[in-house]
Amino acid sequence: MASFGWKRKIGEKVSKATSQQFEADAADDKTLISDDDDDSWVHATKRRKEVLLEDCLKRSKQLKDEGASLAENRRYREAIHKWDEALQLTPEDATLYEMKSQVLMSLHEMFPAVHAAEMAVQRNPRSWDAWQTLGRAQLGLGEIALAIRSFQVSLHIFPMNPEVWKEDLSWARKLHEQQKATKTEAVQALAKGKEIAQAPIPDYDFESDEIVAVCAAIAEKEKALSAAKTVVIVSASGTVETVTEKENCTTTPDETLFIRAR
């Protein structure tokens with residue numbers, strides 16, 4: 001079976017506005033190049049790209065500045081929106097990612113903040129600002145060791161930065177020492193608990209003189225109590241008597257029926 005193909009005819013359903021725009025662009029090209037000059041054509045094409053890039057950079061800078069102004073007024077979401085628009089125009093701008101990471105930390109969104117700071121570092125590994133911001137974001141996630149490394153890289157790039165040295169790195173090291181101390185205490189407590197659980201039962205000497213003496217005293221006391229027991233007896237007529245009951249004596253004082261009350 002023959003295949004069926006469809007092609008739009010040239011000029012079919014082309015809007016008038018599109019045609020006019022095309023003709024205008026063609027007229028501009030004719031002013032820049034000639035039909036028989038390839039070098040001029042290449043130069044004109046390159047120039048158009050440069051103009052487009054300049055426009056993108058200009059618009060990106062405008063959006064960046066607008067976002068910074070919004071962030072200063074604590075309008076963080078709007079600032080992020082502006083910077084995202086700017087990143088569509090200049091995706092290699094590390095400063096945009098770094099500022100975005102700072103704002104995300106202000107919103108307590110630490111995972112996106114770390115991601116944005118990592119993007120900034122990837123695009124400009126020589127930016128001490130980006131490494132400092134990355135360290136702060138990592139510190140917000142509790143990744144203290146990674147934060148210390150990021151601060152150290154920032155200081156390696158810019159050793160005379162007092163803010164990173166006195167505040168960020170000093171604070172991260174202090175937290176690291178506290179973390180180590182907490183882990184040590186937890187390990188010691190766990191080890192102590194295991195020792196208590198595994199401690200053997202003391203081997204008491206039940207044949208010692210002290211224990212034998214105590215047992216003998218208890219036996220004598222029990223013997224004296226069993227030798228003479230006093231009971232209260234109430235007769236059927238209502239007479240109440242206290243009688244000392246001898247061992248092996250099962251008879252009552254008389255042969256009358258009695259009720260015992262111990």
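The sections below set out a description of the structure shown in this document. (Residues numbered from 1 in each chain as written. Predicted model: local features only at pLDDT ≥ 70, side-chain atom pairs only at ≥ 80, totals over all residues. Heavy atoms only, no water.)

Turning next to the overall build of the chain. When its secondary structure is counted, the chain shows 9 helices and 3 strands. Listed by position from the N terminus, the elements making up the chain come as α-α-α-α-α-α-α-α-α-β-β-β. Looking at the chain as a whole, 24% of its 262 residues are labelled buried. Contacts in the chain between residues at least 24 apart in sequence constitute 40% of all its contacts with a sequence separation of at least 6. With the model as given, the accessible surface of the chain reaches about 20,200 Å², and the carbon-plus-sulfur share is 56%. (Helix = DSSP H or I, 4+ residues; strand = E, 2+ residues; numbered from the N terminus. Buried < 20%, exposed > 50% of the residue type's maximum accessible area, 1.4 Å probe, protein only. Contact = heavy atoms within 4.5 Å. Areas by Shrake-Rupley, 256 points an atom, 1.4 Å probe, with all protein chains shown as cover.)

A word on the side chain of Asp-93. As for its position among the elements, Asp-93 is in the loop between helix H3 (76-89) and helix H4 (94-106). Relative accessible area serves as the criterion here: at 18%, Asp-93 is assigned to the buried category. Only 2.9 Å separates the side chain of Asp-93 from the side chain of Lys-64, close enough to count as a polar contact. Excluding its chain neighbours within four sequence positions, the residues that come into contact with Asp-93 are Lys-64 and Leu-87. (Polar contact = N/O pair within 3.5 Å; in protein donor to acceptor, adjacent residues only side chain to side chain.)

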